[in-house]
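Breakdown of the fold
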Amino acid sequence: MLAEHPARKTAQIALGLPDNNPPSDRIDQLIAALANGQPLVVGILDDTPDTPFLQARLMEYIDSGAARLLDKQQAVTDKGAQATLYLLEKA
């Protein structure tokens, strides 16, 4: 479970970024800001227009080995929206 994962204690948490960049650039900015081995929690709402682009970009980092997926789980925001939380570590 994400809340119990050891890396969660030291992870940077991305809660939102300005919307003036394309969705995939947001993921690039987050990953670029991390040091190797540094964990990051990214939450992506399940039903927004940017969701497929953000998820695809995360998968590109994971598939290429640039980041490791440590955990993934479904969540509900305080407003009741469904989201997917990803605990990543920069490789």
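Residues numbered from 1 in each chain as written. Predicted model: local features only at pLDDT ≥ 70, side-chain atom pairs only at ≥ 80, totals over all residues. Heavy atoms only, no water.

Some details on the environment of Val-76
Under the convention used in this document: Segments assigned H or I by DSSP are reported as helices when at least four residues long, segments assigned E as strands when at least two residues long, and all are numbered from the N terminus. In this scheme, a residue with accessible area under 20% of its type's maximum is buried, one over 50% is exposed, and one in between is partly exposed, where area comes from a 1.4 Å probe on protein chains only. Note on contacts: a residue pair is in contact if any heavy atoms of the two residues lie within 4.5 Å.
The residue Val-76 is located in strand E3 (residues 67–76) in this model. Residue classification places Val-76 among the exposed residues on the basis of a relative accessible area of 53%. Spatially, the C-alpha atoms of Val-76 and Asp-46 are 9.9 Å apart, while their sequence positions differ by 30 residues. Once you skip the residues sitting within four places of it in the chain, Val-76 turns out to touch Ala-81 and Gln-82.

What to know about the environment of Tyr-86
Topologically, Tyr-86 is positioned in strand E4 (residues 82–90). Separated by 42 residues in sequence, Tyr-86 and Ile-44 have C-alpha atoms that sit 8.2 Å apart.

Some thoughts on helix H2 (residues 51–64)
Heads up, the condition is: To estimate the expected span of a helix, count its residues, drop one, and scale the result by 1.5 Å. Working note: the arc is built from the helix axis to C-beta atom directions.
With 14 residues, H2 should reach 20 Å at 1.5 Å per residue; the first-to-last C-alpha distance of 20 Å fits that figure. Those residues of H2 that fall on the buried side of the exposure criterion are Thr-51, Leu-54, Leu-58, Tyr-61 and Ile-62. All buried residues of H2 project into a common sector of 100 degrees when viewed along the axis, lining one side. H2 presents Phe-53, Asp-63 and Ser-64 as exposed residues on the side facing more than 90 degrees away from its buried surface.

Focus: the side chain of Lys-90
Our working rule: Positive charges are assigned to Lys and Arg, negative charges to Asp and Glu, while His and the chain termini are left out of the count. When a carboxyl oxygen of Asp or Glu is within 4 Å of a side-chain nitrogen of Lys or Arg, the pair counts as a salt bridge. In protein, a polar contact requires one atom able to donate a hydrogen and another able to accept it; more generally it is a pair of N or O atoms within 3.5 Å, and residues adjacent in sequence count only if both atoms are side-chain atoms.
Relative to the assigned elements, Lys-90 resides in strand E4. Salt bridges are absent for the buried Lys-90, whose nearest opposite-charge side chain, Asp-28, sits at 10 Å. There is a polar contact of 3.2 Å between the side chain of Lys-90 and the backbone oxygen of Ile-31. What Lys-90 contacts, discounting residues up to four positions off in sequence, is Ile-31, Ala-32, Leu-34, Ala-35, Asn-36, Gly-37, Gln-38, Ala-66, Ala-67 and Arg-68.

A short note on the nonpolar core
Note the following rule: To define a nonpolar core, start from buried Ala, Val, Leu, Ile, Met, Phe, Trp, Tyr and Cys residues and group those joined through side-chain atoms within 4.5 Å.
By size, the foremost hydrophobic cluster in this structure holds 14 residues, and its most contacted members are Ile-27, Ile-31, Leu-40, Val-42, Ile-44, Leu-58 and Leu-88. Those elements that place two or more of their residues in this core are helix H1 (23–33), strand E2 (39–45), H2 and E4. Top contributing element to this core by residue count: H2, with four residues. Once you skip the residues sitting within four places of it in the chain, Ile-31 turns out to touch Leu-40, Tyr-61, Leu-88 and Lys-90.

What about the pattern of salt bridges?
Two side chains carrying opposite charge are able to pair once their charged atoms lie near each other. Tallying each qualifying case throughout the model produces three salt bridges. Close ionic contact of Arg-57 with Asp-28 constitutes a salt bridge, the shortest N to O distance being 2.7 Å. With a gap of 29 residues between them, Arg-57 in helix H2 and Asp-28 in helix H1 connect regions that are remote in the sequence. For Asp-28, a relative accessible area of 21% translates into the label partly exposed. Arg-57 serves as the salt-bridge partner of Glu-60, at 2.3 Å between the closest nitrogen and oxygen. Here the residue Glu-60 and the residue Arg-57 both occupy positions in helix H2, the gap between them amounting to three residues, near one helical turn. Salt bridges sharing partners connect three or more residues here, namely Asp-28, Arg-57 and Glu-60.

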